[in-house]
Amino acid sequence: MKILEISPELRSSHHGSSSKIIVEIEDSVTEAERLLPENSSALDKLCSKIQKSLSRLNSACPLSKSEKLQIWKLSYRLWNACVDLSNATGIRSSSNGAKIDEQQANLRQISADLLFLAGDVTGIPSPSLKSASFFYKTGLIWHDLKKFDLAASCFERATDLTAKIDVDEISDTGEQKLLLDLNLARSRTAWEVSERNLAFTLLNRSKALLFGSPESYRALANQFLLFGKLMLSKNLESAIKDALKLMNEALDLCEKGLRIVRRSDESLPLKTLRSKSLRFIAAAHLQGGEFESVLKCIKVLREGGGDQHPASSVLAMKAWLGLGRHREAEKELRGMVVNKEIPEGIWLSAIESYFQAAGVAGAETVKGVFLGLLGRCHISAGVAVTVVHRLIGSGGSGKDGSLVRAKVVAELVSDDRVMALFNSEEAAKERTTLHALLWNCGADHFGSKNYETSVEMFEKSMLYIPYNIEGRILRAKGFRVLCLCHLGLSLLDQAQEFIDEAEKLEPNITCAFLKFKICLQKEEENGAIKQMQSMANCHDFTPEFLSLSIHEAIACQALPVAIESLKNLLNFYSPGKPMPTPEVVVLRTLVTILSRETTNENEILKFTKLAKKRMSELGSEAFFGKGEVGRREKNWFALNSWNIGTRTGKDKKYDLCAEFFESAAEFYAASIDGVVEESTMVCKSLILSVSAAIAAEKSSNSPMPESDVKRAIELLDRAGKILTEISSGLQMVNDGAAIEPRIVFIYTFNAYDLRGRLESGGTQQLQLVKSFASSKACTPEYLLQIGLSASQSPRTNPEAANFALNASLSSLLASPSPDYKNIALIIRKLIMLAGFYKGDTDDEVYSAYKQAYRIMVGLKEGEYPTEEGKWLATTAWNRAAMPVRLGQIAVARRWIKIGLELSRHVQGMEGYRESLEEFVAGFDEKFYGHVEKDVGDNNSSSTAPIVS
């Protein structure tokens, strides 16, 4: 038992409290009726206020009949106020519309709660259905706002209100419709929150709420179809069966509905929905690959009432394509052209599907269908762009397919009717897109070297360029690319015409460069050089175009053009200026090209010196580069200079040889990352440079100026310092090989020669010879050459010559297999040298003869050169003549005796030796009174006269 039922006092108190709350609610409803829809904050406060009043009223139940009636009226007033607010909100725009819609839904929810609180009111028929209607309508609003939990709650409360009603007793059409709509709405909300089983259950329950109304059949069938479409849109194989089941339910409902129709106007919506269901069933079968089933559905559609829906033709066409029957598919596609009301999207989809399946073979059909549609229905420029895009980028494969598609596209876009679609300003964007499509297609074919096709596409793209400033630039660009295409086709005259037209529209560096290419193709080297030189006058010139010119000239084997381009490019280098190619690369390329002709050695030297100068100005790392790259560049110039120096030396071009070897030395001496890797090559290059300079002097018979002599000595001093460091171990040999003895000899020989030209060079010459004699590079032959040079040149150095010859002689005699030819030569030179400077009576000369005699003793016959032996014997004998005249009998006899002894060891002097022996016997008897058995080597003299 409730407290209110026990105490009448409390019951009266409660009655007064509920009346007060109802008054508060009425005030709030009145406020809602006056509220402006834009006042969001007031609406929010009002919702909160009424909600609190409603909560208090709930706790004040039960209500009297009059109070229930009052609340019922207030509920309707609040609902109508919500309707007014909603209508006003729809007219007036609001920045926070979503929030206002949600606040108004809250007000409707409160209105429904008020009506539910009022319950049964005397005099009002079907109060439960009316209350359920409020909850149903509020639920629809929550559903639209995506508040599916609130919508489901409203629908469930409405369902509870209608659950106690006996369906068979409902005769009002509106009330019957409410029950069905409530079930359908609840089903849709369940679907949105992925409660699929509940959604299907609710749809099946709805079959009991059709009440024999064709409209109800249509509504339920439509919901089945909607869910089927949603299942089909998942594009999953497992979902197709469920979709077909739902769609078949829709079809079945349509069939049942058509059986109970009484008026013709009731049958049309059901027939329309039936056809729609059949089309979607066909689409589901198509998606599942059941092409025969698709065609059966289409047949039923067409037999039932001549269905002319364009989607039917598309479905039929796709089914025929799926079965591989292209002829029937083409018939369906062409049949669509007859329908003037066909939407763009439908037949565009059909064209795409047909072309995708038929490939290149369908290109002509697509073109014909499209042109046929132009005269029958409205076609926009955008659709034309789409068709062209599909034709260019779909269907076919390989070169042949691409060429066929391009041909069809060219014919399509050049049709006057298609061009007319793009004439208006509204189609400017589509015109730009089509131009880009055609241009890109031409570029693709250009990349594949299909120049004829690319020419056609580029020409067709120019049909869609407007005649304005921007179009002028695009037109010039088109002429330039057409020039390139004709260059690829070797149609040089046509290429010239196009580039001339481009230059008229937009003169720039690109035009100048393409003219340069045409000159190269025509083998007009002078014209190409002039065109290259004119590039710098273009307003948009950059050095990159000179680099391109170089590459083009080299590719065309136009080496004079490449050389002039490289020279021109060198003029643009300055410190800190960014350039497309490093300066060192330009110089290397220039030298490489010049090296192809041996007659260009002077030019090669010129640019080699320029490289050396730039290296000196910028620093080796800044010029060559750092790391391994810099080392490779440096070594290339060094090795190239060395090789050309070697070649010119062999060709006896000694002046050039000297210059190249000196350049090689400078390059080898350059440091990269602080390291000089080729010190031995520096040394050799310096030595060979000086050697070539001396050879040039002898070749031209023109003495070297003193300044050049000093310069050469400086170079040799650098080389000598390196030699000293290497020999002393202060510097490691890091290029894989030590200095060859021949190079050390050349260094010594040349240094000796040059030092001799200076006034104070004699002592230095002797020191050089002694230093060389003590080195590992020294050989008897090298010493002999130095000795001969020192004894024979105009600037002889007896001390150096004597030292070199004696050192060579000692080395030869110490050899296991002495070279007696060189020994004989050395002895002769020592005798002549001593005799020239000290006279024939000098003991040093005699010692030389005596040494020769000792060498000859014990040798095999002919081992010592015969001619040299004869020379020694005869010259020794003849040297006795002067002492005899001077009365120096002992000296004379010493020379006679050594001559006789020498003759005994010389082949071919037997007869001569007999006469000598007779003369000696007579000489002894005359001056000594008897024959001496032994001629001493003393210096005693006699005054006895000589008898000849």
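Residues numbered from 1 in each chain as written. Predicted model: local features only at pLDDT ≥ 70, side-chain atom pairs only at ≥ 80, totals over all residues. Heavy atoms only, no water.

(A) Inspection of the overall build of the chain at higher detail. Secondary structure summary: the chain contains 45 helices and 0 strands in total. Each of the 948 residues in the chain was classed as buried or not, and the buried ones make up 48%. Here the analysis covers contacts within the chain between residues at least 6 apart in sequence; of these, 66% occur between residues at least 24 apart. Summed over all atoms, the accessible surface of the chain reaches about 46700 Å², with 51% contributed by carbon and sulfur. (Helix = DSSP H or I, 4+ residues; strand = E, 2+ residues; numbered from the N terminus. Buried < 20%, exposed > 50% of the residue type's maximum accessible area, 1.4 Å probe, protein only. Contact = heavy atoms within 4.5 Å. Areas by Shrake-Rupley, 256 points an atom, 1.4 Å probe, with all protein chains shown as cover.)

(B) Main features of the packing of aromatic side chains. Under the counting rule described, the total for this entry stands at 29 aromatic pairs. Ring geometry for Tyr136 against Phe155: centres 6.2 Å apart, planes inclined by 40 degrees, an arrangement best described as tilted. Of this pair, Tyr136 sits in helix H6 (residues 127-144) while Phe155 sits in helix H7 (residues 148-163), and the two are 19 residues apart along the sequence. Accessibility classification places Tyr136 together with Phe155 in one group, the buried group. Here the aromatic rings of Phe745 and Tyr782 are separated by 4.3 Å at their centres, their planes lie at 10 degrees, and the arrangement is stacked. Of this pair, Phe745 sits in helix H36 (residues 741-755) while Tyr782 sits in helix H38 (residues 780-792); the two residues are 37 residues apart in sequence, bridging distant segments of the chain. (Phe/Tyr/Trp six-rings, centres within 6.5 Å; stacked < 30°, edge-to-face > 60°.)

(C) Region of the structure containing the packing of H38 against helix H39 (residues 798-813). In contact at an axis separation of 8 Å, H38 and H39 are set at 155 degrees when each is read in the N-to-C sense. The angle between H38 and H39 falls in the class roughly antiparallel. Pair H38 / H39 crosses with left-handed handedness. Here Pro780, Glu781, Leu783, Leu784, Ile786, Gly787, Leu788, Ala790 and Ser791 of H38 lie close against H39, whose contacting residues are Ala800, Ala801, Ala804, Leu805, Ala807, Ser808, Ser811 and Leu812. (Axes fitted to C-alpha atoms, helices over the stretch in contact; angles between N-to-C directions. Parallel < 35°, antiparallel > 145°, perpendicular 65-115°, else oblique. Left-handed = near helix turned anticlockwise from the far one by under 90°.)

(D) Quick peek at the nonpolar core. In this structure, Phe624, Ile687 and Phe772 are the most contacted members of the largest nonpolar core, which totals 97 residues. The next biggest cluster of nonpolar side chains, apart from the first, holds 93 residues, and it includes Trp72, Leu85, Leu278 and Ala316. (Core = buried A, V, L, I, M, F, W, Y, C linked by side-chain atoms within 4.5 Å.)

(E) View of the side chain of Lys517. Looking at the secondary structure, you find Lys517 in helix H25 (residues 509-521). For Lys517, the residues in contact, after removing those within four places along its chain, are Leu484, Leu487 and Glu552.

(F) Focus on the confidence of the model for the chain. Looking at the chain, pLDDT values average 82 and 86% of them are 70 or higher. Low pLDDT (under 50) marks residues 1-15, which in the prediction has 13 contacts with non-local residues, meaning those over four places away or in another chain. Ignoring residues within four places in sequence, the model shows residues 934-948, a span with pLDDT below 50, making 39 contacts including any to other chains. (pLDDT = per-residue confidence, 0-100.)

(G) Local environment of H38. With 13 residues, H38 should reach 18 Å at 1.5 Å per residue; the first-to-last C-alpha distance of 18 Å fits that figure. Listed in full, the buried residues belonging to H38 are Pro780, Tyr782, Leu783, Leu784, Ile786, Gly787, Leu788, Ala790 and Ser791. (Expected span 1.5 Å × (residues − 1).)

(H) Structural detail: the environment of Arg274. Assignment of secondary structure puts Arg274 in helix H12 (residues 264-287). Sequence separation between Arg274 and Cys254 is 20 residues; the distance between their C-alpha atoms is 5.7 Å. In this structure, Arg274 is in contact with Leu251, Cys254, Glu255, Leu258 and Val300, ignoring residues within four places of it in sequence.

(I) Up close: unusual backbone geometry. A positive phi is found at Ser490, a non-glycine position, where the angle reads about 60 degrees. Along the polypeptide, Ser490 turns up in the loop between helix H23 (469-488) and helix H24 (492-505). Taking the relative accessible area as the measure of exposure, Ser490 reaches 53% and is therefore exposed. Although it is not a glycine, Asn701 adopts a positive phi angle of roughly 55 degrees. Structurally, Asn701 can be placed in the loop between helix H34 (679-700) and helix H35 (706-727). Taking the relative accessible area as the measure of exposure, Asn701 reaches 69% and is therefore exposed.

(J) Structural view of the pattern of salt bridges. Summed over the entire model, instances satisfying the criterion amount to 39 salt bridges. Among the salt bridges present, the one from Asp717 reaches Arg755, with a minimum N-O distance of 2.8 Å. Placement of the pair is Asp717 in helix H35 and Arg755 in helix H36, with a sequence separation of 38 residues. Look at Asp717 and you get partly exposed, because its relative accessible area is 38%. (Salt bridge = Lys/Arg side-chain N within 4 Å of Asp/Glu carboxyl O.)

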